[in-house]
Amino acid sequence: MTLNNGLKIPAIGFGTYKAGFSDVISRAIEAGYRYFDTASFYGTESLIAEAISQSGMKREEFIIASKLWKGDMGYKATIEAFNKTLDSLKTDYVDVFMIHWPRPDLTLKDWKALDLETWQALEELHEQGKIKALGLSNFLPYHAENILNNCKVKPSVTQMEFHPGYTQAFALNYYRDKNILVQAWSPTGRGRVFQDELIIELSAKYKISPVQLCLAFCLSEGVMPLPKASSLEHMKANLESVNISLEPEDISRIENMPPVGWSGEHPDRVRVKI
Ligand SMILES: NC(=O)c1ccc[n+]([C@@H]2O[C@H](COP(=O)([O-])OP(=O)(O)OC[C@H]3O[C@@H](n4cnc5c(N)ncnc54)[C@H](OP(=O)(O)O)[C@@H]3O)[C@@H](O)[C@H]2O)c1
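Residues numbered from 1 in each chain as written. Predicted model: local features only at pLDDT ≥ 70, side-chain atom pairs only at ≥ 80, totals over all residues.

**Quick notes on the environment of alanine 65**
So, point 1. Here alanine 65 shows up in strand S3 (residues 63-68).
So, point 2. Sequence separation between alanine 65 and threonine 38 is 27 residues, and the spatial gap between their C-alpha atoms is 6.0 Å.
So, point 3. Every residue in contact with alanine 65, bar those within four places of it in the chain, is listed here: Asp37, Thr38, Asp95, Val96 and Met98. (Helix = DSSP H or I, 4+ residues; strand = E, 2+ residues; numbered from the N terminus. Contact = placed C-beta atoms within 7 Å.)

Written out as structure tokens, the structure reads:
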């Protein structure tokens, strides 16, 4: 895929939330993943550094995306947190760097000013060549408007929960119109959609696993999935989903299926335990 600033990235990335050991990342490199999604919050930045060092490959052969945590927002804190990310990743640049959530807590009234201050720090780091592409995560269109109406550097990517049964169609179309790449977090809904009758029917029709169906659906929507997996077998099977093409009618059926598999997380709500 090519981002709106020209940066070329693989069509599937590897999610590292709860991928708690460097051998999982090493296995993902062996399976063929070259894009790693991490965040200071995940505690996996140093594991990625370790696995890349052990691979014997060059840093430039990888695309690393990380995120700024809620408690690190604001101009000064952003610069400090970004430098910690560089230390953990043992690198002098990050390919993609995102604001993890649009506001640190729901009671904060002036979140727009905080987001802009944070974005300004990211723009400076971008100007210094320390970040190649800037991004948003869990921003609804009205959160993103605040950035887009006031930025010097436009976001190139945005991350949101996206899988069959929870596609956030309004936000998806908003970002498509703005030429900002949508990345799917929990692209399989962490398995919560596998028992759905349409997912079972279509997996059988294409002779693929429900996970592959979810990933092929993301790709058919122009959305980049970030699956996390532990075994080499799962990792390789997930990469193979780039070769699966779904018929337009089946894509439409998935787009219009009843809601299922929501994580319980939403930027404007207290987390719901599912
Ligand atoms: N921006 C955000 O706020 C945000 C939020 C959540 C997640 N994320 C990112 O998105 C990534 C993915 O999301 P996620 O980890 O929540 O969910 P996910 O990728 O939808 O689901 C991961 C689960 O799927 C299983 N799995 C993977 N491949 C499989 C296969 N081929 N067959 C059977 N099971 C398979 C994994 O099991 P095994 O591990 O046993 O293989 C794991 O339990 C995260 O790691 C993180 O990088 C971002």
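Okay, back to it.
**Remarks on helix H9 (residues 232-239)**
In an α-helix, one turn spans 3.6 residues; hence positions three or four apart end up facing the same way.
So, point 1. The set of residues buried in H9 consists of Met235, Asn238 and Leu239. Around the axis of H9, the buried residues are gathered within 100 degrees of arc, so they sit on the same side. (Buried ≥ 20, exposed ≤ 12 C-beta atoms within 10 Å, placed from the backbone. Arc of directions from axis to C-beta.)

**Quick word on unusual backbone geometry**
So, point 1. Located in the positive-phi region is asparagine 138, a residue other than glycine, with phi close to 65 degrees.
So, point 2. Assignment of secondary structure puts asparagine 138 in the loop between strand S5 (131-137) and helix H5 (141-148).
So, point 3. The phi dihedral of serine 186 is positive, around 45 degrees, even though this residue is not glycine.
So, point 4. For serine 186, the location among the structural elements is in the loop between strand S7 (181-185) and helix H7 (197-206).

**Regarding the sheet that holds strand S6 (residues 157-161)**
So, point 1. Reading across the sheet, the eight strands line up as S1-S2-S3-S4-S5-S6-S7-S8 and stay open at both edges, with parallel pairing between neighbours. Each edge of the open sheet is held by one strand with a lone partner, namely strand S1 (14-15) and strand S8 (224-225).
So, point 2. Bridging between S1 and strand S2 (residues 35-37) involves two bridges; their strand directions are parallel. Within the sheet, the bridge partner assigned to glycine 15 lies in S2 and is aspartate 37. (Pairing = 2+ DSSP bridges.)

**As for the site of the ligand**
So, point 1. In the vicinity of the ligand there are 25 residues, among which Gly15, Tyr17, Trp185, Lys228 and Ser230 approach most closely.
So, point 2. With three residues, the single largest contributor to the shell around the ligand is H9.
So, point 3. Residue composition of the shell around the ligand, grouped by class: eight nonpolar, 14 polar and three charged. (Near = placed C-beta within 6 Å. Nonpolar A, V, L, I, M, F, W, Y, C, P; charged D, E, K, R; others polar.)

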